[in-house]
Amino acid sequence: MAKSKADPTYQKTEDHSEYVEVWEDVVSIKDLVISLIICSIMTLGAYLLAPNDPPKPLFFGLSGALIGFIICSVIIKPKRNLIETEEGK
């Protein structure tokens, strides 16, 4: 039976070939590639800009990874719709 768009449990049927399972969660391949590119560029860029003193490249690289993660979390929004229901009512 087809569900109408007014039904709260209705989900758009999209092509499932654009999704891949990562750590028991389904993600968009496009968003995954974009986030990997952003985080890699930020991490490597910060690492290469770091002074050559022994602990600084590590800290700069970790800072770049954190900045890349923040950028990705702002740019890429979750596509999941959660519907909470009360049990027992």
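Anyway, here's the lowdown on the structure attached to this text.

Criteria and cut-off values
Residues numbered from 1 in each chain as written. Predicted model: local features only at pLDDT ≥ 70, side-chain atom pairs only at ≥ 80, totals over all residues. Heavy atoms only, no water. Helix = DSSP H or I, 4+ residues; strand = E, 2+ residues; numbered from the N terminus. Buried < 20%, exposed > 50% of the residue type's maximum accessible area, 1.4 Å probe, protein only. Contact = heavy atoms within 4.5 Å. Areas by Shrake-Rupley, 256 points an atom, 1.4 Å probe, with all protein chains shown as cover. Salt bridge = Lys/Arg side-chain N within 4 Å of Asp/Glu carboxyl O. Patch = residues over 30% accessible without salt bridge, like charges linked within 9 Å, V, L, I, M, F, W, Y side chains within 5 Å.

## Concerning the overall build of the protein
What the protein contains, in helices and strands, is 2 helices and 2 strands. The secondary structure elements of the protein, listed N-terminal to C-terminal, are β-β-α-α. Taking all 89 residues of the protein together, the buried fraction comes to 12%. Partitioning the intrachain contacts of the protein with sequence separation of at least 6 by distance along the chain shows that 38% fall at a separation of at least 24. Approximately 8100 Å² of the protein is accessible, and the part contributed by carbon and sulfur atoms is 64%.

## Section: the pattern of salt bridges
Taken as a whole, this structure holds 1 salt bridge when the rule is applied. Residue Lys 56 pairs with Asp 53 through a salt bridge whose shortest N-O separation is 3.6 Å. Classification of Lys 56 as partly exposed rests on a relative accessible area of 35%. Classification of Asp 53 as partly exposed rests on a relative accessible area of 39%.

## A few points about a nonpolar patch on the surface
Nonpolar side chains collect at one region of the surface, where Val 20, Ile 29, Val 33, Ile 37 and Ile 41 lie side by side and expose about 400 Å² of accessible area between them. Tallying contributions element by element places helix 1 (residues 29–49) first for the nonpolar patch, with 4 residues.

## Quick word on the side chain of Ser 28
Tracing the backbone shows Ser 28 in strand 2 (residues 25–28). When its relative accessible area of 13% is taken as the criterion, Ser 28 is described as buried.

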